[in-house]
Amino acid sequence: MTDEREQLSSEALEAARIACNKYLTKYAGKDSFHLRIRAHPYHVLRINKMLSCAGADRLQTGMRHAFGKPQGVVARVKIGQILMSVRCKKAHVETTIEALRRAKFKFPGRQKIVISKKWGFTKYNTAEYAQMRREGTLITDGNQAKYVAKRGRLVVPEEKDE
């Protein structure tokens, strides 16, 4: 989770992904985690290149028509936005924290590592998820869970005779 409003380059996001993935694969095994990058670089950075040779003032127009050429893409992130998510087995929580700590060094600014109370990448808390699975109102769908609404005929409650 980021602690600053900033722009993260696609290169920084990729470097963090590689660092985290490499550490987790080495120490936890490739089948014991699922890494997801949550910030997407859509914003295009442009640069108006200026000449720095002799006679450059005759060739250029300065800031007139200064729409630059694309230089790269960045993700614009807000304070509190989640950058990366990892779901893992309980035995590998410490390893995952260390992997995310190493990935933090690839980003500018401050980041926090937060441990969620949710079950994997779902929107349900761990206890709530387990209860809903027992009741049959949740079915697993890959790494998500689908809510199964109650359907069918309406049942009229029977009145007690006194």
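Note that the structure is predicted; figures quoted are calculated from it, not measured. (Residues numbered from 1 in each chain as written. Predicted model: local features only at pLDDT ≥ 70, side-chain atom pairs only at ≥ 80, totals over all residues. Heavy atoms only, no water.)

*Asks:* What exactly am I supposed to notice about the packing of helix H1 (residues 10-27) against helix H3 (residues 93-104) here?
*Replies:* Packed helix pairs are characterised by how far apart their axes lie and by the angle those axes make with each other. Relative orientation of the contacting elements H1 and H3 amounts to 155°, with a least axis distance of 8 Å. As the angle between them shows, H1 and H3 are arranged roughly antiparallel. With respect to the hand of their crossing, H1 and H3 are arranged in right-handed fashion. On H3, the residues that touch Ala16, Cys20, Tyr23, Leu24 and Tyr27 of H1 are Thr95, Thr96, Glu98, Ala99, Leu100, Arg102 and Ala103. Of the residues contributing to the contact of H1 with H3, the split by class is eight nonpolar, two polar and two charged. (Axes fitted to C-alpha atoms, helices over the stretch in contact; angles between N-to-C directions. Helix = DSSP H or I, 4+ residues; strand = E, 2+ residues; numbered from the N terminus. Parallel < 35°, antiparallel > 145°, perpendicular 65-115°, else oblique. Left-handed = near helix turned anticlockwise from the far one by under 90°. Contact = heavy atoms within 4.5 Å. Nonpolar A, V, L, I, M, F, W, Y, C, P; charged D, E, K, R; others polar.)

*Asks:* Would you mind showing me how to read the packing of aromatic side chains here?
*Replies:* Both the distance between ring centres and the angle between the ring planes are used here to describe each pair of aromatic rings. Summed over all chains, the structure comprises two aromatic pairs. Seen in terms of ring centroids, Tyr23 and Tyr27 are 4.6 Å apart; in terms of plane orientation they differ by 40°. Their pairing is tilted. With Tyr23 and Tyr27 both in helix H1 and four residues apart, the pair spans about one turn of that helix. A relative accessible area of 48% means that Tyr27 is categorised as partly exposed. Taking the centre distance of 4.7 Å and the plane angle of 10° together, the rings of Trp119 and Tyr129 count as stacked. You can see Trp119 sitting in the loop between H3 and helix H4 (126-135) and its partner Tyr129 sitting in helix H4, a full 10 residues away along the chain. A residue is classified by how much of its surface remains accessible, and Tyr129, at 8% relative accessible area, is buried. Over the face of the ring belonging to Phe121 we find Arg36, whose NZ or CZ atom lies 4.3 Å from the ring centre. (Phe/Tyr/Trp six-rings, centres within 6.5 Å; stacked < 30°, edge-to-face > 60°. Buried < 20%, exposed > 50% of the residue type's maximum accessible area, 1.4 Å probe, protein only. Lys NZ or Arg CZ within 6 Å of the ring centre and 35° of its normal.)

*Asks:* Got a minute to help me understand the sheet that holds strand E3 (residues 43-47) in this structure?
*Replies:* Strand order in the open sheet formed by three strands is E1-E4-E3, and the pairing between neighbours is antiparallel. Unpaired on one side and paired on the other, strand E1 (6-9) and E3 mark the two borders of the sheet. Between one strand axis and the next, the sheet turns through 50° on average, direction left out of account. Pairing of E3 with strand E4 (residues 69-77) involves five bridges; the strand directions are antiparallel. Opposite Ile47, over in E4, you have Lys69 as the bridge partner. Packing against the sheet, H1 makes contact with E1 and E4, and its axis sits at approximately 65° to E1. (Pairing = 2+ DSSP bridges.)

*Asks:* Explain the layout of surface pockets here, please?
*Replies:* A water-sized probe rolled over the atoms picks out the places where empty space is left. Put simply, the largest pocket is a space of about 1,100 Å³. Lining the largest pocket are 40 residues; nearest its centre among them are Val86, Arg87, Ser116, Lys118 and Gly120. Contributions of two or more residues to the lining of the largest pocket are made by strand E2 (33-37), strand E5 (84-88), H3 and H4. By residue number, the principal contributor to the lining of the largest pocket is H3, which donates six residues. A breakdown of the residues in the lining of the largest pocket according to their chemical character gives 18 nonpolar, 13 polar and nine charged. (1 Å grid on protein atoms, 1.4 Å probe; cavity = no way out; pocket = protein on both sides within 12 Å on 5 of 7 lines; lining within 4 Å. Points joined across faces, edges and corners; volume = space filled by probe spheres on them.)

*Asks:* I tried to follow the pattern of salt bridges on my own but got confused; where do I start?
*Replies:* Close approach of charged atoms lets side chains of opposite charge pair. As enumerated under the stated definition, the model contains seven salt bridges in all. In this structure, the salt-bridge partner of Glu14 is Arg17, at a minimum N-O distance of 2.7 Å. Of this pair, Glu14 and Arg17 both sit in helix H1, separated by three residues, roughly a single helical turn. Glu14 gets classed as partly exposed once you look at its relative accessible area, which sits at 36%. Judged by relative accessible area, Arg17 falls into the partly exposed class, the value being 28%. (Salt bridge = Lys/Arg side-chain N within 4 Å of Asp/Glu carboxyl O.)

*Asks:* Explain H3 here, please?
*Replies:* Along its 12 residues, H3 runs 17 Å from first to last C-alpha, staying within 8% of the 16 Å computed at 1.5 Å per residue. Taken as a whole, H3 has its buried residues at Thr95, Thr96, Glu98, Ala99, Leu100 and Ala103. Along its buried surface, H3 packs onto H1 and E5. (Expected span 1.5 Å × (residues − 1).)

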